[in-house]
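Notes for the structure review
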Amino acid sequence: MKDLRPIIWDNEKNQLILIDQRKLPNSLEYFVCKTYEDVAFAIKDMVVRGAPAIGVSAAYGMALAELNNNNIACGSKRATKTKGFRLIEKAHNELKNTRPTAVNLFWALDRCMEAYKNNKSILNEAKEIHNEDIEICKKIGQIGEKIINDGDTILTHCNAGALATSAYGTALSVIRFAHYNNKKISVIADETRPRLQGANLTAYELNYENIPVKVITDNTAGFLMKMGKIDKIIVGADRILKDYTVFNKIGTYSLAVLAKYHNVPFYVGAPYSTFDYENSIEDIIIEERDEKEVKYINNINIMPEGVSVYNYAFDSTPAELITGIITEKEIIYPNKK
Ligand SMILES: CSC[C@H]1O[C@H](OP(=O)(O)O)[C@H](O)[C@@H]1O
């Protein structure tokens, strides 16, 4: 069985091929990006999503800008270079403004811009970021699987799997490697309203690898904890601050509060590239998405006209509610005395 790889660089045609995650689980289709504008659309419309995956995709978006640049000649060499730089800057800004919360997007774009300023190939930088991400996610799984016991039932939220990264995932990498090490585990996946990444993507990934998975409505998680049916919770992250505040999919904070109340260990799987040492909580923009995502399910209206909604894509969870953060180097215990 082939590993799930949501991001593929086509060296022959110099284009980016993405699994179109909007179509899963009913159809496995691909979205081809030939320009940085295609990549910007793919990130905004969640063709590709997940902090590491959008960082890697944005890096290839910058590479597409550079490759398309190379076809531009405007007279003198100096004029070409100036115009080229302006186009790269334009791509950097447009890609930067696609989604505001996941920090991987910004460091990947900045890393590509730095490469360009140092006369290095952006495409090579993007490929490096891509390959590094595969290895990092593998390491998160290998380190994290140690916290999983044979027979554990693990609850997860949204999708922090191969489809949110370059391969393996973060939270789901821990689950995968426990499974690869023959631990008998079962997974409970929150469906994760409104975009249903848990039902559509996590269930798809785990089913694809024959890892036992049940899907629940988001409201069921607390009741299962109360009944003692959840041994651990593992989620992903989009940004982790220096005080170990974790920004992740909306609903993560509610799970963490319930876990604390029911003494269920609460873990976060995330690479160091998701850490943000610069900003404080008040600096972070929590993405608010189109209200249609709440008002419609599969294009069927579920609400009366004229009623407004909140549609926060993320929330923040304080370190005091977090048992451990599983990275590619070690497990961080924010509350260890
Ligand atoms: C491994 S990062 C996955 C992270 O990203 C998801 O958000 P979205 O699907 O909106 O990009 C969610 O917060 C996951 O935990």
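Residues numbered from 1 in each chain as written. Predicted model: local features only at pLDDT ≥ 70, side-chain atom pairs only at ≥ 80, totals over all residues. Heavy atoms only, no water.

As annotated in an unreviewed UniProt entry, the protein carries the name Putative methylthioribose-1-phosphate isomerase and comes from Methanococcus aeolicus. A UniProt comment under Sequence similarities (unreviewed entry) is attached to the protein, and it reads "Belongs to the EIF-2B alpha/beta/delta subunits family. MtnA subfamily." (UniProt positions renumbered as here; feature names shortened; annotations may be inferred.)

**Some words on the UniProt feature "binding site: substrate" (unreviewed entry) in the protein**
Here the UniProt feature "binding site: substrate" (unreviewed entry) sits at Arg49, Gly50, Ala51, Arg99, Gln197, Asn248 and Lys249. Its location among the elements puts Arg49 in the loop between helix H1 (36-44) and helix H2 (51-69). For Arg49, a relative accessible area of 4% translates into the label buried. In this view, Arg49 contacts Gln21, Ile54, Arg99, Cys158, Asn159, Leu163, Ala164, Gln197 and Leu201; residues no more than four positions away in its chain are not counted. In this structure, Gly50 sits in the loop between H1 and H2. (Helix = DSSP H or I, 4+ residues; strand = E, 2+ residues; numbered from the N terminus. Buried < 20%, exposed > 50% of the residue type's maximum accessible area, 1.4 Å probe, protein only. Contact = heavy atoms within 4.5 Å.)

**Re the pattern of salt bridges**
Within this structure, the stated rule accounts for 18 salt bridges. For Asp45, the salt bridge is made with Arg22, and the minimal N-O distance between the two is 2.7 Å. With a gap of 23 residues between them, Asp45 in the loop between H1 and H2 and Arg22 in the loop between strand S2 (15-19) and strand S3 (30-33) connect regions that are remote in the sequence. Overall, the relative accessible area of 30% leaves Asp45 in the partly exposed class. A salt bridge links Glu291 to Lys295, with the nearest nitrogen and oxygen atoms 3.1 Å apart. Among the residues examined, Glu291 registers a relative accessible area of 35% and is labelled partly exposed. Look at the salt bridges and you will find they share partners, linking Arg99, Arg195, Glu287, Arg289 and Glu293 into a network. (Salt bridge = Lys/Arg side-chain N within 4 Å of Asp/Glu carboxyl O.)

**Here's the deal with a nonpolar patch on the surface**
Residues Ile8, Leu28 and Tyr30 make up a contiguous nonpolar surface patch of roughly 280 Å² in combined accessible area. On the secondary structure map, Tyr30 appears in strand S3. With relative accessibility at 46%, the residue Tyr30 sits in the partly exposed group. (Patch = residues over 30% accessible without salt bridge, like charges linked within 9 Å, V, L, I, M, F, W, Y side chains within 5 Å. Areas by Shrake-Rupley, 256 points an atom, 1.4 Å probe, with all protein chains shown as cover.)

**What to know about the site of the ligand**
Among the 17 residues in the neighbourhood of the ligand, the closest are listed as Gly50, Arg99, Asp238, Asn248 and Lys249. In this structure, an oxygen atom belonging to the ligand sits 2.9 Å away from a side-chain N or O atom of Arg49. Asp238 is positioned with one of its side-chain polar atoms (N or O) 2.5 Å from an oxygen atom of the ligand. Only H2 and strand S9 (246-249) provide two or more residues apiece to the shell around the ligand. Residues of the shell around the ligand, tallied by class, amount to seven nonpolar, six polar and four charged. Looking at which domains feed residues into the shell around the ligand, each of domain 1 (7-135) and domain 2 (143-332) gives three or more. (Near = heavy atom within 4 Å. Polar contact = N/O pair within 3.5 Å; in protein donor to acceptor, adjacent residues only side chain to side chain. Nonpolar A, V, L, I, M, F, W, Y, C, P; charged D, E, K, R; others polar. Domains from an automatic or database assignment.)

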